[in-house]
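These are the residues of each chain, in order.
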Amino acid sequence: MDIPKDDITSLIAEIRLMREDINRNNRDFTHALNQYSEIVEKNTKLIEENSKNIKTLIERMDEITTHQKTFATKLNEIDAFNNNLEQKLLSNVIEIAGVPFQRNENVIELAKNVFKKIGHEVDSILIDDVYRTRGNPMTKTPGVIVVSLLRRIDKNIIMEKYKKERRQISNRDLGFLDGEGSNIYVNNRLTYNNKKLLRDAKLVQREKNLKYVWFNKNYQLCSFTVKAIKLYNNLPEIVKTTTTAAVFKKRLKDYLLNKNDY
């Protein structure tokens, strides 16, 4: 069958057009692919750069956190040092609580009378300073009398006799006959932080029903229950008579594992 020449020419023209369209589409696709690749590559670089920046920020944050912890530690050390220094400045200072307040009172004579009742007379010349703090108007509690002594030996004698005698002094002993009788307490003058520690210790003692409560040099709460004291007293002397905690732990462990040998 003969195909007309015009049809062949028209078919060839259409094939050429289709080929040009395909080539153009290929070029457009290649161009779009290249653009997409550039975008992907650019985004990849941005992601890598952001990752580096984030890593750097995390490292800086870690450094800041470390510096902050170091600063907090040093600040705590400074606070502890200042507190210890302040407490040392109070080494010669005594607090007397429970003495009724009177107008135009002579606090020096009141303090001297308390010391005399304890069993150690202190001359006025040995008292550096004495004053009464403001009382609590809500509870009508009189302010404490603060006495600063010139000699630490006087304070030590007063506190030792006060603790040793265990005889409670009352306002009646000082000549206060009006009103109800009340006890008078003699204590070491403490810093604000140490007073707070003492309050916390007493609170824990009541809540946990502990026999003894105290704070060590690192301000960590320590305690002894009645049961613990009995257990300690029942230990052999070789275990109790140790000079270091490490030796005590070693001997205690050996004793608990080999009770029959003791």
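Attention in this report is confined to the structure presented alongside it. Note that the coordinates shown come from a computational prediction; the quantities given were computed from them, not determined experimentally. (Residues numbered from 1 in each chain as written. Predicted model: local features only at pLDDT ≥ 70, side-chain atom pairs only at ≥ 80, totals over all residues. Heavy atoms only, no water.)

### Overview of the overall build of the protein chain
Looking only at helices and strands, the protein chain features seven helices and seven strands. Each helix and strand of the protein chain, placed in order from N terminus to C terminus, yields the pattern α-β-α-β-β-α-β-β-α-β-β-α-α-α. Within the span of the protein chain, comprising 262 residues, buried residues form 21% of the whole. For the protein chain, the share of sequence-separated contacts (at least 6 apart) that also reach a separation of at least 24 residues comes to 50%. As displayed, the protein chain offers around 20800 Å² of accessible surface, 54% of which is attributable to carbon and sulfur atoms. (Helix = DSSP H or I, 4+ residues; strand = E, 2+ residues; numbered from the N terminus. Buried < 20%, exposed > 50% of the residue type's maximum accessible area, 1.4 Å probe, protein only. Contact = heavy atoms within 4.5 Å. Areas by Shrake-Rupley, 256 points an atom, 1.4 Å probe, with all protein chains shown as cover.)

### Concerning the pattern of salt bridges
Opposite charge on two side chains permits pairing when their charged atoms draw close. In the structure shown here, the tally under the stated rule is six salt bridges. Arg151 is the salt-bridge partner of Asp154, the closest N and O atoms lying 2.9 Å from each other. On the basis of relative accessibility, which here comes to 2%, the residue Asp154 falls in the buried class. Three or more residues joined by partner-sharing salt bridges are found here, namely Glu95, Arg189 and Lys195. (Salt bridge = Lys/Arg side-chain N within 4 Å of Asp/Glu carboxyl O.)

### Quick look at the side chain of Lys155
Topologically, Lys155 is positioned in helix 3 (residues 152-165). Among buried Asp, Glu, Lys and Arg side chains, Lys155 stands out as unpaired, with Glu95 the closest opposite charge at 10 Å. Ignoring anything within four residues of it in the chain, the contact list for Lys155 reads Leu90, Ser91, Asn92, Val93, Ile94, Leu149 and Asn188. (Lys, Arg positive; Asp, Glu negative; His and termini not counted.)

### As for helix 4 (residues 192-208)
For helix 4, which comprises 17 residues, the first-to-last C-alpha distance of 24 Å matches the rise-based estimate of 24 Å (1.5 Å per residue) to within 8%. Looking only at helix 4, the buried set comprises Asn194, Leu197 and Ala201. Along the axis of helix 4, the buried positions cluster into a sector of 55°, meaning they face one direction only. Among the exposed residues of helix 4, those oriented more than 90 degrees off its buried face are Tyr192, Arg206 and Glu207. Downstream of helix 4 by one or two residues, Asn209 has phi in the positive range, about 55°. (Expected span 1.5 Å × (residues − 1). Arc of directions from axis to C-beta.)

### Describing the pairing of strand 3 (residues 145-149)
With respect to burial, strand 3 is a largely interior element, five of its five residues being buried. Burial along strand 3 is two-sided: Ile145, Val147 and Leu149 and Val146 and Ser148, pointing in opposite directions, are all buried. Sheet topology note: the strand 1 (residues 93-97)/strand 3 ladder contains four bridges and is antiparallel. When the bridges of strand 3 are listed, Ile94 appears paired with Val147. Pairing of strand 2 (residues 127-132) with strand 3, which is carried by five bridges, proceeds in the antiparallel orientation. Bridge assignment links Asp129 to a residue of strand 3, and that residue is Ser148. (Pairing = 2+ DSSP bridges.)

### Structural notes on the side chain of His120
For His120, the position within the fold is in the loop between helix 2 (107-118) and strand 2. According to the relative accessible area criterion, His120 is buried, its value standing at 14%. There is a polar contact of 3.0 Å between the side chain of His120 and the side chain of Asp154. (Polar contact = N/O pair within 3.5 Å; in protein donor to acceptor, adjacent residues only side chain to side chain.)

### What about the nonpolar core?
Residues Ile96, Phe115 and Val147 are the most contacted members of the largest nonpolar core, which totals 23 residues. Sorting elements by how many residues they give to this core places helix 2 first, with six residues. Every residue in contact with Val147, bar those within four places of it in the chain, is listed here: Asn92, Val93, Ile94, Ile96, Ala111, Phe115, Ile127, Asp129 and Val130. (Core = buried A, V, L, I, M, F, W, Y, C linked by side-chain atoms within 4.5 Å.)

### Considerations on helix 3
For helix 3, which comprises 14 residues, the first-to-last C-alpha distance of 20 Å matches the rise-based estimate of 20 Å (1.5 Å per residue) to within 8%. Residues Asp154, Lys155, Ile158, Met159 and Tyr162 constitute the buried set of helix 3. Buried residues of helix 3, viewed axially, fall in a sector of 125°; they line one side. Turned more than 90 degrees away from the buried face of helix 3, the exposed residues are Ile153, Glu160 and Lys164. Lining the buried residues of helix 3 we find strand 1, helix 2, strand 3 and strand 5 (183-188).

### Quick notes on the sheet that holds strand 4 (residues 169-170)
With respect to topology, five strands assemble into an open sheet ordered 2-3-1-5-4, the strand pairing being antiparallel. Lying at the two open borders of the sheet, with one neighbouring strand each, are strand 2 and strand 4. On the sheet, helix 3 packs against strand 1, strand 3 and strand 5 and is oriented at approximately 135° with respect to strand 5. (Axes fitted to C-alpha atoms, helices over the stretch in contact; angles between N-to-C directions.)

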